Amino acid sequence: MRIPHNEPLGSDISGGLERPQMRGSAKVEPERRCVLSGQHGARASLIRLAIAPEGPDGLCGVFPDVMARAPGRGAWIGVTRAELDVAIAKGKLKGALARAFKGAKLAIPADLGAMVEAALIRAFTDRLGLEMRCGKLLVGSDRIAEKARAGRVAWLAHASDAGEDGSRKLDQALRVGLESEGGGERGEILPLDRNALSVALGRENVVHLALGDAAAAARLDDVLGRLRHFLGQESHTDVAIDNEFDGDEAGDSAASAEYLN
């Protein structure tokens, strides 16, 4: 069950905490522009790329900064891993970053896509671990079912290799608690199997997960949404991505400052 985004990610790397703009009484989340598609999206929905200090070879390495905390300038992407891999292979990412990081001699890892994926998974599992240490994460089918039927579950998820029967029973308990037995509410199928979840949480056989705290669920879902989008598992409503990198690039004529920080 998905919880809408409600929390800006990270801090402004150009100096201090970036506060959302106020438009009337509503908060407007800061936006960034994808260097590959040229499309704008909420900063919390894109992935920041940062550059390391110049090495002995005179090159600056590019690395994913998914929590947007690394100092210095950054560029943003909102594409899937498949699109990123194509952009790297065709030299499109190198050209886009050369425009964004003017004057910097860059070394782009061939496996940058894998690095981004690993960083997003780590961010998600770190958040899971934090919620567990805070006592907010529920594990175990019986405990989750009890809380779900009582209407005390805000987020429910299943490992990618969870049994269909067990997941279906918990989904039904969720709908009972929501008083929506005829509805379609069901738990998330995570892009991680039970082994990965068990290792991340230091528990044996973690198959089903739940949160009763809506704010904690929203924080977790924010990271999960970016991971899902990068893996190409679902459409991302916060930023439209142009899948075609050949021909005229949307970002060619835009000011590089729109991509940075």
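A brief look at the structure comes next. (Residues numbered from 1 in each chain as written. Predicted model: local features only at pLDDT ≥ 70, side-chain atom pairs only at ≥ 80, totals over all residues. Heavy atoms only, no water.)

## Here's the deal with the overall build of the protein chain
Within the protein chain, the regular secondary structure consists of seven helices and twelve strands. When burial is assessed residue by residue, the protein chain has 47% of its 261 residues classed as buried. Of all intrachain contacts in the protein chain linking residues separated by at least 6 positions in sequence, the fraction that spans at least 24 positions is 74%. In the structure as shown, the protein chain presents an accessible area of about 12600 Å², 48% of it carried by carbon and sulfur atoms. (Helix = DSSP H or I, 4+ residues; strand = E, 2+ residues; numbered from the N terminus. Buried < 20%, exposed > 50% of the residue type's maximum accessible area, 1.4 Å probe, protein only. Contact = heavy atoms within 4.5 Å. Areas by Shrake-Rupley, 256 points an atom, 1.4 Å probe, with all protein chains shown as cover.)

## Details of the nonpolar core
Residues Val-35, Leu-36, Ile-77, Leu-93, Leu-97, Trp-155 and Leu-209 are the most contacted members of the largest nonpolar core, which totals 53 residues. Considering every element that reaches this core, the biggest residue donor is helix H3 (residues 112-133), with eight residues. When residues no more than four places from it in sequence are discounted, the contact partners of Leu-97 are Val-35, Leu-49, Val-62, Ala-75, Leu-106 and Ile-108. Ranked by size, the runner-up nonpolar core spans ten residues in total, among them Leu-138, Val-153, Leu-156 and Ala-210. (Core = buried A, V, L, I, M, F, W, Y, C linked by side-chain atoms within 4.5 Å.)

## What about the pairing of strand E12 (residues 208-211)?
Along any regular strand the residues' side chains alternate between the sheet's two faces. Along E12, one buried face is formed by His-208 and Ala-210 and the opposite face, lined by Leu-209 and Leu-211, is buried too. As paired elements, strand E10 (residues 155-158) and E12 share four bridges and run antiparallel to each other. Each bridged residue has a counterpart across the sheet, and for His-158 the counterpart in E12 is His-208. (Pairing = 2+ DSSP bridges.)

## Comments concerning the packing of helix H4 (residues 141-149) against helix H5 (residues 164-177)
Close contact between H4 and H5 brings their axes to 7 Å; oriented N to C, the two are set at 25°. Looking at the two axes, H4 sits roughly parallel to H5. On the side of H4, the interface is formed by Ser-141, Ile-144, Ala-145, Ala-148 and Arg-149, while H5 contributes Leu-170, Ala-173, Leu-174, Val-176 and Gly-177. The residue inventory of the contact of H4 with H5, partitioned by class, reads seven nonpolar, two polar and one charged. (Axes fitted to C-alpha atoms, helices over the stretch in contact; angles between N-to-C directions. Parallel < 35°, antiparallel > 145°, perpendicular 65-115°, else oblique. Nonpolar A, V, L, I, M, F, W, Y, C, P; charged D, E, K, R; others polar.)

## Section: unusual backbone geometry
A positive phi is found at Glu-179, a non-glycine position, where the angle reads about 55°. Tracing the backbone through its elements, the reader meets Glu-179 in the loop between H5 and strand E11 (188-189). We classify Glu-179 as exposed; its relative accessible area is 74%. Phi at Asn-205 takes a positive value of approximately 55°, unusual for a residue other than glycine. Position of Asn-205 among the secondary structure elements: in the loop between helix H6 (194-201) and E12. The class of Asn-205 is exposed, set by a relative accessible area of 52%.

## Some thoughts on the pattern of salt bridges
In total, this model carries ten salt bridges according to the counting rule given. A salt bridge links Asp-65 to Arg-48, with the nearest nitrogen and oxygen atoms 2.5 Å apart. Remark: Arg-48 occurs in strand E5 (residues 47-51) and Asp-65 occurs in the loop between strand E6 (60-64) and strand E7 (74-77); sequence separation between them is 17 residues. There is no split in this pair, since Asp-65 and Arg-48 are both buried. Among the ionic pairs, Arg-194 bridges to Asp-161, the shortest N-O distance being 3.4 Å. Taken together, the residues Arg-194 in helix H6 and Asp-161 in the loop between E10 and H5 connect sequence positions 33 residues apart. By relative accessible area, which is 36% here, Asp-161 ends up partly exposed. Among the charged side chains, a network of salt bridges with common partners joins Glu-164, Asp-165, Arg-168 and Lys-169. (Salt bridge = Lys/Arg side-chain N within 4 Å of Asp/Glu carboxyl O.)

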